[in-house]
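Topology and contacts: notes
Chain by chain, the residues run as shown.
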Amino acid sequence: MYLEIVSPEATLFSSEVDSVAVPGIGGEFQMLNNHAPIVAALGSGSIKIHTHTQSHLVFDELHAEVVPHNDDDKILTVKINSGTLEMKDNKVIILAD
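Here the structure is a predicted model, which is why all the values come from computation and not from measurement.

The rules behind these values
- Residues numbered from 1 in each chain as written.
- Predicted model: local features only at pLDDT ≥ 70, side-chain atom pairs only at ≥ 80, totals over all residues.
- Heavy atoms only, no water.
- Helix = DSSP H or I, 4+ residues; strand = E, 2+ residues; numbered from the N terminus.
- Buried < 20%, exposed > 50% of the residue type's maximum accessible area, 1.4 Å probe, protein only.
- Contact = heavy atoms within 4.5 Å.
- Areas by Shrake-Rupley, 256 points an atom, 1.4 Å probe, with all protein chains shown as cover.
- Pairing = 2+ DSSP bridges.
- Salt bridge = Lys/Arg side-chain N within 4 Å of Asp/Glu carboxyl O.

Turning next to the overall build of the protein. Helix and strand counts for the protein stand at zero helices and 10 strands. Put simply, the protein runs from its N terminus to its C terminus through helices and strands in the order β-β-β-β-β-β-β-β-β-β. Relative to its full complement of 97 residues, the protein shows a buried share of 39%. In the protein, once contacts between residues fewer than 6 apart in sequence are set aside, the share between residues at least 24 apart is 54%. Of the roughly 5,500 Å² that the protein leaves accessible, carbon and sulfur atoms contribute 51%.

All right, on to the pairing of strand E4 (residues 27-32) then. As defined by bridge partners, strand E3 (residues 19-24) adjoins E4 across six bridges and the pair is classed as antiparallel. Residue pairing in the sheet places Pro23 in a bridge with Glu28 of E4. Connecting the antiparallel pair E3 and E4 is a turn made up of two residues.

For the rest of this paragraph, the subject is the pattern of salt bridges. Evaluated as defined, the whole model comprises two salt bridges. Across the pair Glu4 and Lys91 runs a salt bridge, and its minimum N-O distance is 3.9 Å. One end of the pair, Glu4, is in strand E1 (residues 2-6); the other, Lys91, is in strand E10 (residues 91-96), with 87 residues separating them in the sequence. On the basis of relative accessible area, Lys91 is assigned to the partly exposed category, the value being 34%. For the salt bridge of Lys48 with Glu28, the shortest nitrogen-to-oxygen distance reads 3.2 Å. Here Lys48, found in strand E6 (residues 45-50), pairs with Glu28, found in strand E4; they are 20 residues apart in sequence, far enough to count as distant. Taking the relative accessible area as the measure of exposure, Lys48 reaches 24% and is therefore partly exposed.

Any link to function would need more than the numbers given here.
Right, dumping it as structure tokens:
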């Protein structure tokens, strides 16, 4: 599935991923490939991005908020204060604060 994380300042992440776990208002939940369409409000916490590999990702000063999770080279995290998520047709768009 394709994941795009957008903040008011910039696009923080945009790539194919295996899955993504997000801090929902009612608790953390995860989405995998072919998940049913969903719109959800997000709370404060970390978005955990599960990638097959990081070799195709480019990290620069614009993407400093995307960091590896606990030395696992297949999981990246992005901290957010709140946001909105929409998943439809295997594309996840997160508008993050």
